[in-house]
Amino acid sequence: DKTRRGIQRAARDLMSILATHEEMKLVIGDERDFDGNQLYRLAVPSGTFDFEQFIHAGKWEITFMQFDPFLYGKEQVKKLSHNMWRSFETGGNVEAWPVIKAKPVSNTFTIDKLGGEHITFKGDITGKKLTINMRRQIVKVEPDITTGEGLQLGSRFFSIDGGVTMRTNAMEAYVSWDERWL
């Protein structure tokens, strides 16, 4: 629709997609992993919308700011069972930041990575949903708790890369991450 009203509607549609201050997925068609899975970048649009250029030329140039140099790939999820070491490959060629989700069976939750890195959290968490986001360095309990000691001395948020071996004291926990590529 090349009418003035149609062009305005198209401009509004574009702006509704690009009006964000948060990192969003930016997909470039030929960026794929070795298995052919589409990779994406996290980027934020920058610059201003040139309405005159859009009206007269039917195009608009936009730039994006990418705050980290990585390409992100498919999401991986691994299940960990009570006190059993589990080994897996992380994919990608750069360290990744996992998210751990579990329902602890006691008031102490621990996740260990072979090599000594671990997180231990204490509180009124039995049967509640516990989420540990390693990248954001956040532990969240749902529903919220009002008593507890929280993170224990020696706990460290950690990344994973290459071959990893982990275990937990929960009956089951799920470790998820997005593959990262440089």
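Above this note sits the structure.
These numbers were taken from a predicted model, which means no experiment stands behind them. (Residues numbered from 1 in each chain as written. Predicted model: local features only at pLDDT ≥ 70, side-chain atom pairs only at ≥ 80, totals over all residues. Heavy atoms only, no water.)

Remarks on the pairing of strand 2 (residues 41-46)
Quick note on the threshold: Residue burial is assigned from relative accessible area. The probe radius is 1.4 Å, only protein chains are included, and a residue is buried under 20% of its type maximum, exposed over 50%, and partly exposed in between. A run of DSSP states H or I qualifies as a helix once it reaches four residues; a run of E qualifies as a strand once it reaches two. Both are numbered from the N-terminal end. At least two bridges found by DSSP between two strands is the condition for calling them paired.
Summarising burial for strand 2: five of the six residues are buried, a large majority. Across three bridges, strand 1 (residues 24-26) lies against strand 2 in antiparallel orientation. Within the sheet, the bridge partner assigned to Met-24 lies in strand 2 and is Ala-43. The sheet contact formed by strand 2 and strand 3 (residues 63-65) spans three bridges and is antiparallel.

Overview of the sheet that holds strand 1
Rules: Whenever a helix is involved, its axis is fitted only over the stretch in contact; in every case the axis is a line through C-alpha atoms, and angles between N-to-C directions fall within 0 to 180 degrees.
With antiparallel pairing, three strands are arranged side by side in an open sheet as 1-2-3. Each edge of the open sheet carries a strand with a single partner, namely strand 1 and strand 3. Taken over all neighbouring pairs, the strand axes of this sheet differ in orientation by 65 degrees on average, direction set aside.

Notes on the sheet that holds strand 10 (residues 138-142)
A sheet is described by the order of its strands in space; here five strands give the open sequence 4-13-6-9-10, paired in antiparallel fashion. The open sheet is flanked by strand 4 (71-81) and strand 10, the only strands paired with a single partner. Mean inter-strand twist for the sheet, computed between neighbouring axes without regard to direction, equals 15 degrees. In terms of strand pairing, strand 6 (residues 99-102) meets strand 9 (residues 129-133) through four bridges, oriented antiparallel. Looking at strand 9, one finds that Val-99 is bridged to Asn-133.

A closer look at the nonpolar core
Burial of nonpolar side chains together is a common tendency in soluble globular proteins. Operational definition: We call a set of buried residues a nonpolar core when its members are Ala, Val, Leu, Ile, Met, Phe, Trp, Tyr or Cys and they connect through side-chain atoms within 4.5 Å of each other. We call two residues in contact when some of their heavy atoms are within 4.5 Å.
Counting residues in each nonpolar core, the largest one holds 22 residues, and the members touching the most others are Ile-100, Phe-109, Ile-111, Ile-132, Ile-160 and Met-166. Listed by contribution, the elements that provide at least two residues to this core are strand 6, strand 7 (108-113), strand 8 (117-122), strand 9, strand 12 (163-168) and strand 13 (172-181). Setting aside anything within four residues of it in sequence, one finds Ile-160 in contact with Phe-88, Thr-90, Glu-95, Ala-96, Pro-98, Lys-113, Met-166 and Trp-177.

Function cannot be inferred from these measures alone, as they are strictly geometric.
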